[in-house]
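# Results of the structural survey
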Amino acid sequence: MSLIGFLKSKVFLKQLVLALVAIVVIVFIMLKWLNISTNHGEFETVPDLKGKSIEVAKIELNENNLAMEILDSSNFNPDYPKFSVIEQDPVAGKQVKENRKIYLTLNPSGYRKVMVPELEERTLRQAKPTLEALGFEVGNLKYVDNIAIDVVLKMTHNGEEIKAGDMLPKTSKIDLVLGNGKRPGSN
């Protein structure tokens, strides 16, 4: 029997139809199984967790069949309580699958500490932008008798003298003691 004759035979056509029916049945069963195993069309709504404590966030996520993953945060936000949620991913209101991880960024207990730079013997014009670039605020300026005009002689924080290398929370106010251009002891 030739190849063309075999392709036209009833045996071949019967086998071809059976193979196509088997493929359709297998695909149908696979699609039904995927629908059931992946909970197709079933979603959980992500709750709004911003500003809530970690304990409250955990309870709300458990009630919604969602998992929690905490991300570290180094940026203190004074608008939120300490150790509360300041960001979440996915955002509130989004539809997600059951047991999806919700990534939470927490507000730390305070501003991170920054090293005080060496400013003694530098001018106010140099010291001010250096402090502001590090996140500090320039507090009160106190002038004392010293021949150097507007040169930093001392730095203080909350009335205590500080030195270069000391660690202070970001946004701390640093008061500067500057020279006024007059010789000490002269009037």
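Scroll up to find the structure this text is about.
Computed from a prediction, not measured in an experiment: that's the story for all the values here.

## A look at the side chain of His157
- Topologically, His157 is positioned in strand β8 (residues 149–157).
- Residue class for His157 comes out buried when judged on its relative accessible area of 15%.
- Setting aside residues up to four positions removed in sequence, His157 forms contacts with Ile162, Leu168, Ser172 and Lys173.

## A look at the sheet that holds strand β11 (residues 173–180)
- The 4 strands are arranged β7-β11-β8-β9 in an open sheet whose pairing can be described as mixed. Of all strands in the sheet, those with a lone pairing partner are β7 (137–144) and β9 (160–162), marking the two edges. This sheet shows a mean twist of 40 degrees between the axes of neighbouring strands, independent of strand direction.
- Summarising the sheet, β8 and β9 pair through 3 bridges and their orientation is antiparallel. Note on β9: the bridge partner recorded for Thr156 is Glu161.
- On top of the sheet, helix α4 (residues 124–133) reaches β7, β8 and β11; it is set at about 175 degrees to β11, its chief contact.

## Notes on the pattern of salt bridges
- By the definition in use, this model includes 4 salt bridges.
- Each member of the salt-bridge network shares a partner with another, and the members are Glu120, Glu161 and Lys163.

## Points about the pairing of strand β5 (residues 101–106)
- The pairing of strand β2 (residues 67–71) with β5 spans 5 bridges and is parallel. Looking at β5, one finds that Ala67 is bridged to Lys101.
- Here strand β3 (residues 85–89) runs beside β5; their pairing, made up of 4 bridges, is antiparallel. Paired with Asp89 across the bridge in β5 is Tyr103.

## So, a nonpolar patch on the surface
- A surface patch of nonpolar side chains, about 980 Å² in accessible area, is lined by Leu13, Leu16, Leu20, Ile23, Ile26, Val27, Met30, Leu31, Trp33 and Leu34.
- With respect to the secondary-structure elements, Trp33 resides in helix α2 (residues 10–37).

## Let's talk about the nonpolar core
- The biggest cluster of nonpolar side chains holds 14 residues, and the ones touching the most others in it are Phe136, Val152, Met155, Ile174 and Leu176.
- Every element with two or more residues in this core is listed here: α4, β8 and β11.
- Not counting chain neighbours up to four residues away, the residues in contact with Met155 comprise Val116, Pro117, Leu119, Glu160, Glu161, Ile162, Lys163, Ala164, Ile174, Asp175 and Leu176.
- Leu49, Ile54, Leu61 and Ile102 belong to the second largest nonpolar core, which has 11 residues in total.

Reading the values: rules and limits
Residues numbered from 1 in each chain as written. Predicted model: local features only at pLDDT ≥ 70, side-chain atom pairs only at ≥ 80, totals over all residues. Heavy atoms only, no water. Helix = DSSP H or I, 4+ residues; strand = E, 2+ residues; numbered from the N terminus. Buried < 20%, exposed > 50% of the residue type's maximum accessible area, 1.4 Å probe, protein only. Contact = heavy atoms within 4.5 Å. Pairing = 2+ DSSP bridges. Axes fitted to C-alpha atoms, helices over the stretch in contact; angles between N-to-C directions. Salt bridge = Lys/Arg side-chain N within 4 Å of Asp/Glu carboxyl O. Patch = residues over 30% accessible without salt bridge, like charges linked within 9 Å, V, L, I, M, F, W, Y side chains within 5 Å. Areas by Shrake-Rupley, 256 points an atom, 1.4 Å probe, with all protein chains shown as cover. Core = buried A, V, L, I, M, F, W, Y, C linked by side-chain atoms within 4.5 Å.

Function cannot be read off these values alone, since they describe shape.
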